[in-house]
2 protein chains.
Amino acid sequence: MAGGVGGAKLAEGLTGALDAPEDLTVVVNTGDDAVVHGLCVSPDLDTVMYTLAGMSNTDTGWGVADDTFTTLEAMARLGADTWFQLGDRDLATNIVRSARLRDGVPLSQVTADLCRALGIGARLLPMTDQRVATILETPSGPLEFQEYFVARRHQDPVLGVTFEGVEHAHPAPGVLEALEADVVVVAPSNPFVSLGPILAVPGVRDALAATSARRVAVSPIVGGRALKGPAAAMLQSMGHETSALGVARLWSGLVDELVIDDSDAALAPAIEELGISAVVTGTVMGGRADRERLAHQLLVR
Amino acid sequence: MAGGVGGAKLAEGLTGALDAPEDLTVVVNTGDDAVVHGLCVSPDLDTVMYTLAGMSNTDTGWGVADDTFTTLEAMARLGADTWFQLGDRDLATNIVRSARLRDGVPLSQVTADLCRALGIGARLLPMTDQRVATILETPSGPLEFQEYFVARRHQDPVLGVTFEGVEHAHPAPGVLEALEADVVVVAPSNPFVSLGPILAVPGVRDALAATSARRVAVSPIVGGRALKGPAAAMLQSMGHETSALGVARLWSGLVDELVIDDSDAALAPAIEELGISAVVTGTVMGGRADRERLAHQLLVR
């Protein structure tokens, strides 16, 4: 189960650590999906897809490496509001996806076709084929995710998170089956806005709670800080402890193990008291070697 | 009244020949409009717009000069059928237009805003804000315009032309008023698929027949051949004489003058017999000087 960058890195590590990439299914958050310039964007799906295709922009965490912005610059000249950056190659993905979605093809099918075209062996699944929108409650009122995250640079304190439309959503085909794998890995993604939407899809949380799979989460908080994005700030603003222990409390009853960083080793006893095995190792994923090493540790016990 | 390339060249000449470009209104065919990759393309409107903005690709007759095709190439990699070529800068126009049309903004308003952003002084009007689709009857059955023109390279004999949806269309705001100008110029565009759709919009043909404006058409046929596109082949396959005289017969009762090329001077008497003044001059428009000279001749009598 994955959001964007952290999930993508770990997914890449897992494809290397598994016998075959086909053994990996990545269930990806789509609560960040939005309509931008009339195009249906799926930022987390694309970050995972581009990463597994070896074409991700690792500097920005979104988009395609070495992409150009010819179209976006021309759109700006035409008066379009271009705060949401889409490179020319990234646009291609969004144009193809949008056209097919408008033709009535489900997102899961579009995603499978895009992945096949890019030669990706792992299976990528959107959490749902229905539209779910992550909404952030802030002192300035409710904000859609991309407005909060991109336009306002996640500066607003988040007081709560809701998922618009989730009551009508169903897990995409294959999602519940994926939770019956040998191992279910919960990526080091934001628990509220990356993993929260996936768990909010009716049936997913219950399936994770009930599965006979070994369930292992990786903490996105290292030394009290998020490696990327607003996870630490959200833990604090929503009244949780800003640490791997705060993360462990969120996952209580849903995972068997929590992988925490060496620098957080002192938190292990408190985590174990929650009935979660604390696995202490280096969790910061730099290059591909880091990702595969961490992935190996998750799989081999 | 204009289609694509021929209309665009003459419109450019007219903006130079008039005291102010604001004195020109161009009513443009939208029967070629289509949805391509989920985007609403308006090829004739864009050819005129790019030409008046000084950014048209004069080699191809469509698109933006020196455009790149990064997005289209990436779309092809993703399995999209890319027979309809859209460059990166051209895509920007189509993305912006599509998003606004989907938001419910009329095409005439979107066009006005695009023109203002590109610094165009003349007024560009789509013939209608409603969707009208030019359909070609061929021995292989009915074909949509872009399929006939681009995908099948206008090789099919055309037996008839119909305009799907035209019975529900209204002239766009300003179209009927434009026909009350001092001079109405019918561009050297294809009479069947470029000017035909405009005249088919309810009210337009009657307004042209009844206007007190001086009405002058320019023949798209020179020496029995079309300067560009399938106009000559269509005249023939639909049983008309393939000459400026054949064109004159189509415009009988609708124009006061027909401008024909020096090389067709011998046809002048037969044209005059139709009650149309034949104006003989050089009608082949190469560069800007040619266009302005021809435009001057249309305006000054």
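Residues numbered from 1 in each chain as written. Chains lettered and ligands numbered in written order. Predicted model: local features only at pLDDT ≥ 70, side-chain atom pairs only at ≥ 80, totals over all residues. Heavy atoms only, no water.

As named in an unreviewed UniProt entry, chain A is 2-phospho-L-lactate transferase, taken from Georgenia halophila.

1. Overview of the interface of chain B and chain A
Quick note on the threshold: When checking whether two residues touch, look at their non-hydrogen atoms; a contact exists if any pair is within 4.5 Å. Summed over both partners, buried area is the accessible surface (1.4 Å probe) that two parts give up on being assembled. Here, a salt bridge means any side-chain nitrogen of Lys or Arg that lies within 4 Å of a carboxyl oxygen of Asp or Glu. Any pair of N or O atoms that falls within 3.5 Å is considered a polar contact. Within protein, one atom must be able to donate a hydrogen and the other to accept it, and sequence-neighbouring residues count only if both atoms are side-chain atoms. Counting from the N terminus, the helices are the DSSP runs of H or I reaching at least four residues and the strands are the DSSP runs of E reaching at least two. Each residue gets one of three labels, nonpolar for Ala, Val, Leu, Ile, Met, Phe, Trp, Tyr, Cys and Pro, charged for Asp, Glu, Lys and Arg, and polar for the others, Gly among them.
Listed as interface residues are 24 residues of chain B and, on the opposing side, 24 residues of chain A. Between chain B and chain A the total buried area reaches about 2,100 Å² when both faces are included, carbon and sulfur atoms providing 74% of it. When residues of chain B are sorted by the area they lose upon contact with chain A, Arg77, Leu78 and Ile95 of chain B head the list and together hold 30% of the total. Linking chain B with chain A are zero salt bridges, by the criterion used here. Linking chain B to chain A there are two residue pairs in polar contact (both at pLDDT 80 or more). Those elements that provide at least two residues to the side of chain B that touches chain A are helix 3 (70-77), helix 4 (88-102) and helix 5 (107-117) of chain B. A total of nine residues in the side of chain B that touches chain A trace back to one element, the largest contributor, which is helix 4 of chain B. Of the residues in the side of chain B that touches chain A, the class split is 14 nonpolar, six polar and four charged.

2. A look at the packing of aromatic side chains
Residue and element names in this part refer to chain B. Put simply, the rule reads: Centres within 6.5 Å are what make two rings of Phe, Tyr or Trp a pair, Trp counting through its six-membered ring; a difference in plane orientation under 30 degrees is then read as stacked, over 60 as edge-to-face, and the rest as tilted. Residue exposure (1.4 Å probe, protein chains only): buried if accessible area is under 20% of the type maximum, exposed if over 50%, otherwise partly exposed.
Scanning the model with the defined rule gives six aromatic pairs over all chains in all. A centroid spacing of 5.8 Å and a plane angle of 85° characterise the contact between tryptophan 83 and phenylalanine 84, whose relative ring orientation is edge-to-face. Residue tryptophan 83 is classed as partly exposed on the basis of its relative accessible area, which comes to 36%. Measuring from centroid to centroid gives 5.1 Å for phenylalanine 145 and phenylalanine 149, while their planes differ by 15°, and the two rings are stacked. Linking phenylalanine 145 with phenylalanine 149, this pair stays in helix 6 (residues 145-151), spanning four residues, or about one helical turn.

3. Quick look at the packing of helix 1 (residues 5-17) of chain B against helix 2 (residues 43-52) of chain B
All names here are of chain B. The condition is simple: Note on geometry: axes are lines fitted to C-alpha atoms, helical ones only across the stretch in contact, with angles between N-to-C directions running from 0 to 180 degrees. The crossing is said to be left-handed when, going from far helix to near helix, the turn is anticlockwise and less than a right angle, and right-handed when the turn is clockwise.
At their nearest, the axes of helix 1 and helix 2 sit 9 Å apart, and the two run at 35° to each other. Relative to helix 2, helix 1 is oriented so that their crossing is right-handed. Two secondary-structure elements touch here, helix 1 through Val5, Ala8, Ala11, Glu12 and Thr15 and helix 2 through Thr47, Val48, Thr51 and Leu52. For the contact of helix 1 with helix 2, the class distribution of residues is five nonpolar, three polar and one charged.

4. Some details on unusual backbone geometry
Phi is mostly negative for residues that are not glycine, and the peptide bonds are mostly trans. Positive phi outside glycine occurs at histidine 154 of chain A, with the angle close to 35°. Locating histidine 154 of chain A in the fold gives a position in the loop between helix 6 (145-151) and strand 7 (160-164). By relative accessible area, which is 31% here, histidine 154 of chain A ends up partly exposed. Backbone geometry places histidine 37 of chain B, a non-glycine residue, at a positive phi of 55°. Examined against the element boundaries, histidine 37 of chain B turns out to sit in the loop between strand 2 (34-36) and strand 3 (39-41).

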